[in-house]
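Remarks on the overall topology
Residues per chain, in single letters:
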Amino acid sequence: MAVRSTSDDPLAGLSADELLRVLGHEIGNLVTIVSGYGQMLRDHWELLTEYRRLDIVARMNRQIDQLRVLIDNFQHLRWLTASSQQMPAYGSTTNVNDLLKALADDLAPLADDHPLEIDIEADLPPVVADRAAVQHVMMNLIVNATKFSPAEAPIAIEVRQDGDEVRVSVTDRGEGIPSDQRDHVFEKFVRLQDGGIGVGLGLFICRALVESLGGRIWAGDGAAGGACISFTLPVSEPFDED
Amino acid sequence: MSEENEVFRVLVADDVQDLRSMLRLALELSGRFTVVAEAMDGAHAVDLAAMYKPDLALLDLSMPALDGLEALPRILEASPATKVVVLSGFEEARMAPVALKGGAVAYLEKGVPPRRLVQTLIEIMQPSPGDTSVA
């Protein structure tokens, strides 16, 4: 199978064979987990406590959510390809405190056994944002953070105003991203190493969505080790105005 | 503890944490296995095998750092008594001969129902008298 290389090709830099292999691995694992838990519920229903049953159902739902993120990433990729690599800009003035607090409820199930440590600066100014786009970015970042974090390690979400931007940072407790690969991870189908986790599409889509809203995204170090992915949303009005 | 009720110590090696968690629950619900260590890549699996000397290692093939086929002989070198069962998403017909040649005692495809997985592993760890077959 030939490696494709044209810049407007959705599979640029990746052979179709490799894409199918990676997708098969990713989707196969998700289906295996859901199916396995379902069969355990059926086989051991009487033995399981109600708490354990609910925990298993939550784990099954988490896999479905991850599958939805994966499918959404490919839909965004298709949209990017069809529209000359530009995302639609649906940004509108948004109360970022309300938006992120509401999203936290959606993100917690994705984080599974990783506690979310959420620190949102009070009274942030309105930003240019789109709920669906920010939600998709945050879901990708949380899924990534869980994949690279040790079990039960917390994931930190910090939101701060930096001048005329609001910065959102998601920090895991994994091994971090080597400094020479930090720009590279936002490219299409890039994974940190051969056989690495995931499809390598989430951060590429995140960058496209953030930039469509007028923001920036980058990778750095977490304060307690691990990777810290930050993105910004522009303040919608001059912040020296009321 | 009688041999029939022996609880076997298991190392689970897979790069997907959620899959490791599912396998841990399936194994431990049976009452016949306890997961003593989980590895997220092949190199980690070799280190943990040397440290814990498990009775059984469930080994994925597609992993970062060191893939399962590369890790397999090193696990056996680090812990010769460990029985290694490959649990992979690759088709059995394609990869089983390579895994068995590398020292695995059995090859199972991901997606095998947990009950059958557990039963197969019990048969591997506690074969019936005169039974010399593997899964």
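Everything below is about the structure printed above this text.
What counts and what doesn't
Residues numbered from 1 in each chain as written. Chains lettered and ligands numbered in written order. Predicted model: local features only at pLDDT ≥ 70, side-chain atom pairs only at ≥ 80, totals over all residues. Helix = DSSP H or I, 4+ residues; strand = E, 2+ residues; numbered from the N terminus. Rg over C-alpha atoms; globule rule 2.2 N^0.38 Å. Buried ≥ 20, exposed ≤ 12 C-beta atoms within 10 Å, placed from the backbone. Contact = placed C-beta atoms within 7 Å. Nonpolar A, V, L, I, M, F, W, Y, C, P; charged D, E, K, R; others polar. Pairing = 2+ DSSP bridges. Axes fitted to C-alpha atoms, helices over the stretch in contact; angles between N-to-C directions. Right-handed = clockwise from strand over helix to strand, strands pointing away.

1. Here's the deal with the overall build of chain B
- Broken down by element type, chain B carries five helices and five strands.
- Secondary structure elements of chain B occur, N-terminal to C-terminal, as β-α-β-α-β-α-β-α-β-α.
- Radius of gyration (C-alpha) of chain B: 14 Å, near the 14 Å computed for a compact globule of 135 residues.
- Its C-alpha atoms give chain B principal-axis dimensions of about 40 × 30 × 30 Å.
- Taking all 135 residues of chain B together, 46% fall into the buried category.
- Across chain B, the fraction of contacts at a sequence separation of at least 24, relative to all contacts at a separation of at least 6, is 60%.

2. Structural notes on the interface of chain A and chain B
- Counting residues at the interface gives 20 residues for chain A, matched by 19 residues for chain B.
- When residues of the side of chain A that touches chain B are traced back to their parent elements, those giving at least two are α1 (16-44) and α2 (50-82) of chain A.
- In terms of residues, the side of chain A that touches chain B owes the most to one element, α1(A), which gives 13 residues.
- Split by residue class, the side of chain A that touches chain B holds five nonpolar, 13 polar and two charged.

3. Re the sheet that holds strand β6 (residues 217-221) of chain A
All names here are of chain A.
- Ordered by their spatial adjacency, five strands build an open sheet running β2-β4-β5-β7-β6, and the pairing between neighbours is mixed. Each of the sheet's edge strands pairs with one partner strand only, and the pair in question is β2 (116-120) and β6. Mean inter-strand twist for the sheet, computed between neighbouring axes without regard to direction, equals 20 degrees.
- Relative to strand β4 (residues 155-162), β2 runs parallel, the two sharing five bridges. Counted as the bridge partner of Leu116 is Ile155 from β4.

4. Thoughts on the sheet that holds strand β3 (residues 56-59) of chain B
Residue and element names in this part refer to chain B.
- The strand order across the open sheet formed by five strands is β2-β1-β3-β4-β5, and the pairing between neighbours is parallel. The open sheet has two edge strands with one neighbour each: β2 (33-39) and β5 (106-109). For this sheet, the mean angle separating the axes of adjacent strands, direction not counted, is 25 degrees.
- Examined bridge by bridge, β3 and strand β4 (residues 83-88) share four bridges and lie parallel to one another. Bridging across to β4, Leu58 finds its partner in Val85.
- Its contacts with the sheet put helix α3 (residues 68-78) on β3 and β4, and the angle it makes with β4 is roughly 170 degrees.

5. Let's talk about the pairing of β2(B)
Residues and elements named next belong to chain B.
- Relative to β2, strand β1 (residues 8-13) runs parallel, the two sharing six bridges. Across the sheet, residue Val12 finds its bridge partner in β2, namely Glu38.
- Where the polypeptide runs from β1 across helix α1 (residues 17-29) and back to β2, its parallel neighbour, the crossover connection is right-handed.

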